[in-house]
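Examining the three-dimensional arrangement
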Amino acid sequence: MKAAVAVPAQESTRPDLFEHWWLRHGDWVEAPNIRRGGESGVQFLQAENGGLLYAKRQTGHLYRSLRHPFGYPTAMRERDALLACAGLGVTVPRVVYAGCRRQAGAWQALLVTESLDEYRCLEERYAAGEATVWGEPLHLRILQEVGATLGRLNRGRWQHGCLYLKHVFVRLRDGGVEVALLDLEKSRRRLSAKQAARHDLRQLKRRSSWNEEQWQAVVYGYRTAYGSALEGLQL
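The following refers to the structure shown. Predicted model only: the values in this text are computed from it and were never measured.

Scoring rules and cut-offs
- Residues numbered from 1 in each chain as written.
- Predicted model: local features only at pLDDT ≥ 70, side-chain atom pairs only at ≥ 80, totals over all residues.
- Heavy atoms only, no water.
- Helix = DSSP H or I, 4+ residues; strand = E, 2+ residues; numbered from the N terminus.
- Buried < 20%, exposed > 50% of the residue type's maximum accessible area, 1.4 Å probe, protein only.
- Contact = heavy atoms within 4.5 Å.
- Lys, Arg positive; Asp, Glu negative; His and termini not counted.
- Charge placed at Lys NZ, Arg CZ, Asp CG, Glu CD.
- Expected span 1.5 Å × (residues − 1).
- Polar contact = N/O pair within 3.5 Å; in protein donor to acceptor, adjacent residues only side chain to side chain.
- Core = buried A, V, L, I, M, F, W, Y, C linked by side-chain atoms within 4.5 Å.
- Salt bridge = Lys/Arg side-chain N within 4 Å of Asp/Glu carboxyl O.

1. A word on the overall build of the chain
Along the backbone of the chain there are 7 helices and 13 strands. Overall size of the chain, expressed as C-alpha extent along the three principal axes, is 55 × 40 × 30 Å. Looking at the 235 residues of the chain, the share that counts as buried comes to 48%. Long-range pairs, those at least 24 residues apart, make up 63% of the contacts in the chain between residues at least 6 apart in sequence. On the chain, the mean spot of the 34 positive side-chain charges and the mean spot of the 25 negative ones are 9 Å from each other.

Put into structure tokens, the structure is as follows:
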């Protein structure tokens with residue numbers, strides 16, 4: 001049995017669209033890791049316009065939920081989160097193609113996204129000493145935008161779920177600050193915005209080394225986007 005599922009990210013009536021992407025290969029960005037009963041890795045692909053694409057390729061790499069009690073590819077959960085983020089005004093990689101199929105009884109899945117040009121994760125920027133070059137006023141502006149980006153995500157009841165500074169990307173261009181989020185494989189929609197906020201804010205604070213003034217800049221940006229005070233979250 002062979003069935004394929006795709007999303008409107010690249011509409012096509014071609015029945016072999018999944019096969020078209022599955023047969024394309026490039027250098028590994030992340031070599032396949034074995035977990036969740038299968039394997040998952042990411043490759044570079046060349047876009048037709050010369051740009052760079054990332055292709056997450058999975059076999060039997062599943063999550064389980066009430067909707068999918070027998071398992072479904074984690075790449076499809078990430079696809080849903082990426083498409084939702086675009087509607088919430090949260091910058092994420094654009095989905096070029098996403099699809100999955102069962103082949104010989106095992107799930108295969110692909111998630112192809114565009115690269116985020118000129119963005120670099122906060123973890124790398126801090127390691128390179130860029131914060132000292134920025135100066136504290138610009139650093140605080142960046143942190144405010146980090147908070148605002150997360151606030152927009154959580155306001156829509158979406159939780160990132162695995163928030164490290166390596167997943168927070170920043171672009172500085174023409175005097176402006178832009179923030180994007182990556183690696184939403186563990187993202188899910190919560191019953192309330194407060195649940196999403198509580199999880200992500202606590203996780204971000206725990207995994208950063210910001211001082212109190214810097215953390216308050218994050219919280220200020222968060223409040224401007226989230227739209228309410230954060231009483232009861234015990235940050």
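2. Points about helix α2 (residues 74-88)
With 15 residues, α2 extends 21 Å from end C-alpha to end C-alpha; this agrees with the ideal 21 Å at 1.5 Å per step. Among the residues trailing α2, G89 stands out with phi positive, at a value near 80°.

3. Section: helix α5 (residues 136-155)
Taking 1.5 Å of rise per residue, the 20 residues of α5 would be expected to cover 28 Å, and the 28 Å separating its terminal C-alpha atoms lies within 8% of that figure. Turning to α5, its buried residues are H139, L140, I142, L143, V146, G147, A148, T149, L150, G151, L153 and N154. Following α5 by one or two positions, R157 has its phi on the positive side, about 70°.

4. Quick notes on the side chain of S40
Within the secondary structure, S40 sits in strand β3 (residues 38-46). The class for S40 is buried, based on a relative accessible area of 6%. Reaching out from S40, the side chain makes a polar contact with the side chain of Q58 at a distance of 3.2 Å. Each residue touching S40, except ones within four places of it in the same chain, is listed here: A31, P32, N33, K56, R57, Q58, H61 and E185.

5. A few points about the nonpolar core
L122, L204 and W210 are the most contacted members of the largest nonpolar core, which totals 44 residues. Beyond its immediate stretch of four places on either side in the chain, L204 contacts V146, L150, L163, L165, W210, W215 and V218. Within the second largest apolar cluster, 12 residues are counted, among which are F18, A55, V96 and L110.

6. Some points on the pattern of salt bridges
Working definition: two side chains of opposite charge can pair if their charged atoms are close together. The full count for this structure, using the stated rule, is 11 salt bridges. The closest approach of N and O atoms between D80 and R79, which form a salt bridge, is 2.9 Å. Using a relative accessible area of 9% as the deciding quantity, one classes R79 as buried. A salt bridge links E178 to R173; the shortest N-O distance between them is 3.9 Å. What makes E178 partly exposed here is its relative accessible area of 26%. According to the relative accessible area criterion, R173 is partly exposed, its value standing at 37%. What emerges from the salt-bridge pattern is a single network uniting R120, E124, R125 and E130.

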